[in-house]
Every structure is written in C-alpha cells, then in structure tokens.
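The chain contents come next:
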Amino acid sequence: MKNNKLYISLLAAAVIGLTSCKNDLDVLAPGEESVSVYGILNPNASTQEIRINKVFITDGDALTAGQDVNQINYGPGELTVTLEHYYNGNQVSVTGYSTALTSSSPDSVKFITMKEKTVTTASGLFNPDQRIWYTNRKIYPSGEYKLIIKHGDKEFTAQNLVMDSVRTNSSQPAMPFLYYPTNPSQFPMHGGYPANPISTDKPKYVNYDNPTLTYNIPFFTVPNAKLYDVVIRFHYIDSILSGGTPIHQYVDFTIPTMKSTDLAGGEKLTASFVGEEFYSNLSVEIGKKTPANLKNRKADYLEYIITWGAESLLEFLQVNAPSNTIAQDKPYYTNIKGGVGIFSSKSRSTVTKDMWADMIDEISCYPTTYSLKFCDYAGQPRAVPCQ
C-alpha cells in the first residue's frame with residue numbers, strides 16, 4: 001500500500017533512532033482544516049505514541065504564535081484517534097492478526113482507541129507543552145496499521161506496514177546479526193558465559209583489541225525495511241571511593257546510517273569501523289560522565305542494537321532534508337491523507353556479548369582510554385599506558 005502526496009511549505013524533521021515526540025512542528029496554510037502528524041509505530045516498544053498538532057495560519061508573528069499552546073495543540077477530547085489492523089488486505093482483530101472480524105465483533109477487537117496526555121518537550125521554536133496520543137496495547141509485527149483521526153466531521157487517515165525481526169530459529173530471540181561468532185544457538189549472550197573461560201572459549205567473545213584494525217558487523221536486512229542504524233553500547237561499572245554503591249553506566253558508539261537496496265529482506269549489510277574510532281568514542285563520551293569520587297572502572301559487556309525503519313520513513317527523511325542550494329521552495333513528503341507529516345514504523349534487535357580478556361586489558365592501558373581508570377581483566381588498574 002502506497003499513497004503519497006507532495007506539499008510545499010511543510011517544515012518537518014524526524015530521526016529514526018529518536019523518540020517520536022520532538023519539538024519540531026509542521027506548519028502549513030491550506031484552504032481548509034488540516035493536521036500535522038508524527039507517529040512511528042514500534043512493535044518492540046511497550047507504548048506507542050503519536051503527536052498530532054493543529055496546522056495553523058496567523059496574521060501576526062509566526063514565532064509568537066508558535067509559542068501559543070492553544071494555537072498548536074488540540075484541546076482535551078477534541079480528537080478521536082484510533083488504530084486498525086490489516087493483514088493480507090483484510091481488516092483483522094487488533095488482538096491478533098489471525099483473527100478475522102465478524103459483524104458481531106466488539107469495538108475492543110475492531111480498533112485500538114488511543115488515550116491522550118500532555119508532555120513537555122525540549123524548548124524550541126514552538127511551545128514545549130505538546131499533546132500526544134498513546135496506547136499500551138500490543139502492536140503486532142506484521143501486516144499494516146491504519147491511523148484514523150477524527151475531528152468533528154473531518155477525518156484524516158494514514159496506513160503503513162509494520163516490520164518484524166529476523167529470527168535465527170524458534171528458540172532464539174529476535175536477532176538479525178551475523179557478526180562473529182556466527183551461530184547464536186551455540187554462543188551465549190551476556191550472563192551466560194563461562195565463569196572461568198579458557199583459550200578454547202575465545203570464539204564466544206568479542207575482541208576489539210587492535211585499534212588499527214577495521215572491524216565488521218554484518219547482518220541481514222528485514223523485509224519492508226529500508227533504513228538501518230547500528231549502535232554498539234558499551235556497558236561499564238564505576239566504583240566509588242569510600243565503598244560507595246557501584247554505578248552501572250553505558251555510552252553509545254553510533255555507526256553511520258545504512259540503506260538496503262530493496263525491500264525483499266535477506267540482503268547482507270556490513271557496518272564497519274576502525275578500532276581507534278571505538279576507543280576515541282569511549283574517551284570522549286565516558287569523559288563526560290565521570291563522578292567526582294571515582295575510584296576505578298570495570299568494562300562490563302557490549303550491547304549491539306540495530307534499528308530499522310520502513311521505506312516511508314526513509315522517503316520522509318530524504319525529501320525533508322535541509323536544502324543545499326539557495327532555492328528554498330521544494331516538495332515535501334507526507335503520507336497523511338488530508339494532513340501533513342508521517343505515519344510509519346520501525347523496529348529493532350539487540351544482542352549482548354562479553355569482551356575477551358585482551359580487549360579489556362587494551363581498554364585499561366590504551367593511551368586514549370588510560371585516563372578513564374579502567375581496570376584490566378585481572379581487576380587491577382594499570383600503572384602506565386600501553387606502548
């Protein structure tokens with residue numbers, strides 16, 4: 001299903017890896033009532049949120065009007081916002097895509113009615129108090145969801161595919177990763193490693209111990225997804241002087257966004273980085289989070305996160321990217337019938353892996369990270385940096 005329209009003078013921004021509620025507002029001056037929508041469904045999330053604003057025109061200063069909460073937000077109860085589920089072109093129960101609807105099906109299985117609340121976003125050009133619609137009902141990772149927004153006798157709709165994760169086998173959690181080690185049914189996640197590893201256990205671990213090498217994270221694409229963000233999350237523990245409670249922390253190393261060549265799924269993409277980039281990122285990001293009473297640190301484990309977005313989200317981002325020419329008027333993408341904005345979907349997989357002793361030792365003494373006070377694999381701080 002694809003029904004796209006182009007609009008002029010729409011201001012919009014969206015980022016796949018961020019929350020769906022941001023203080024960026026679409027502004028348009030059509031001849032009739034319209035709405036601005038930003039909603040990205042995520043079947044892996046416990047809560048779905050959709051931001052809906054008024055499209056407004058003002059005779060006064062636009063920036064002043066943008067700070068007026070009544071001009072940009074609908075009032076309590078003004079909108080009715082629902083989600084319907086479709087599978088193979090037919091509407092199905094929102095309690096499961098294998099359940100067909102009948103004339104006697106209750107409303108509770110025909111659609112999800114979203115609740116509303118006010119949230120505070122970061123300050124910006126528009127009032128930070130934004131009204132969003134949300135639900136804690138389960139979103140299934142297949143088929144399509146249709147968004148229906150009703151305001152009096154006006155109706156605005158959008159429909160988009162949702163996506164699942166690639167699963168290695170029925171007993172494994174969602175995981176698209178192929179990186180070494182390559183068989184997750186034989187190699188453990190964090191928490192399932194040997195208490196006293198020996199040399200033959202090395203293939204089970206991640207080892208980025210050479211800052212000069214290029215490391216690869218290959219993975220398979222997911223059907224109907226086009227855009228992929230890869231993050232390595234480094235978990236560590238801060239030990240505090242005078243016996244304070246250890247602090248569990250993490251920092252992210254983000255690899256540039258990648259795109260698949262098609263929507264079929266099963267394509268092999270590879271995220272690559274040089275070891276020095278990873279170590280430099282540790283130095284910068286952990287350096288921002290150092291407590292005043294730090295004693296030392298322990299490298300804990302790595303978490304690999306891949307987030308992917310539907311083709312509609314990619315098109316929205318591409319068309320609404322800042323112009324690099326002096327021409328300011330250009331078309332903007334929306335898939336909201338009767339309105340502007342984006343209704344799309346994303347999903348993600350995570351894998352956790354422990355680090356091999358050589359990598360832990362390298363973090364403790366590598367010149368870029370030595371000042372962070374990481375202990376080596378034996379639990380001791382290094383007296384001098386590595387050569």
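Residues numbered from 1 in each chain as written. Predicted model: local features only at pLDDT ≥ 70, side-chain atom pairs only at ≥ 80, totals over all residues. Heavy atoms only, no water.

**Q** Please explain the overall build of the chain as it appears in this structure.
**A** Each helix and strand counted, the chain has six helices and 17 strands in total. When contacts within the chain are restricted to residue pairs at least 6 apart in sequence, those whose partners lie at least 24 apart make up 68%. Carbon and sulfur atoms provide 51% of the accessible area of the chain, an area that totals close to 18500 Å². (Helix = DSSP H or I, 4+ residues; strand = E, 2+ residues; numbered from the N terminus. Contact = heavy atoms within 4.5 Å. Areas by Shrake-Rupley, 256 points an atom, 1.4 Å probe, with all protein chains shown as cover.)

**Q** Whenever I open this one, unusual backbone geometry confuses me. Can you help?
**A** Trans is the prevailing form of peptide bonds, just as negative phi is the prevailing case for residues other than glycine. The backbone phi angle of Asn88 is positive, close to 55°, even though this residue is not glycine. Counting through the fold element by element, Asn88 comes out in the loop between strand 4 (80-87) and strand 5 (90-92). Even without glycine at this site, Asn224 takes up a positive phi of about 75°. Position of Asn224 among the secondary structure elements: in the loop between strand 11 (214-220) and strand 12 (225-240).

**Q** Looking at this structure, I do not really get the state of the cysteines. What am I missing?
**A** A covalent bond between the sulfur atoms of two cysteines is referred to as a disulfide. For the structure shown, the criterion picks out one disulfide. Disulfide partner of Cys365: Cys386, at an S-S distance of 1.4 Å. Across the disulfide from Cys365 to Cys386, rotation about the S-S bond amounts to roughly 50°, and the bridge is consequently right-handed. With Cys365 in helix 6 (residues 357-365) and Cys386 in the segment after helix 6, the pair connects residues that are 21 residues apart, well separated along the chain. (Disulfide = S-S within 2.5 Å.)

**Q** Explanation requested: the pattern of salt bridges in the structure shown.
**A** In a structure, side chains of opposite charge can pair up when their charged atoms sit close to one another. Taken as a whole and judged by the stated rule, the model has nine salt bridges. With a closest N to O distance of 3.1 Å, Asp201 and Lys204 form a salt bridge. Relative accessible area serves as the criterion here: at 10%, Asp201 is assigned to the buried category. What makes Lys204 partly exposed here is its relative accessible area of 22%. For Arg233, the salt bridge identified is with Asp252, shortest N-O distance 2.7 Å. Of this pair, Arg233 sits in strand 12 while Asp252 sits in strand 13 (residues 247-259); the two residues are 19 residues apart in sequence, bridging distant segments of the chain. By relative accessible area, Asp252 is classed as partly exposed at 27%. It is possible to trace a salt-bridge network through shared partners that takes in Asp361, Asp376 and Arg382. (Salt bridge = Lys/Arg side-chain N within 4 Å of Asp/Glu carboxyl O. Buried < 20%, exposed > 50% of the residue type's maximum accessible area, 1.4 Å probe, protein only.)

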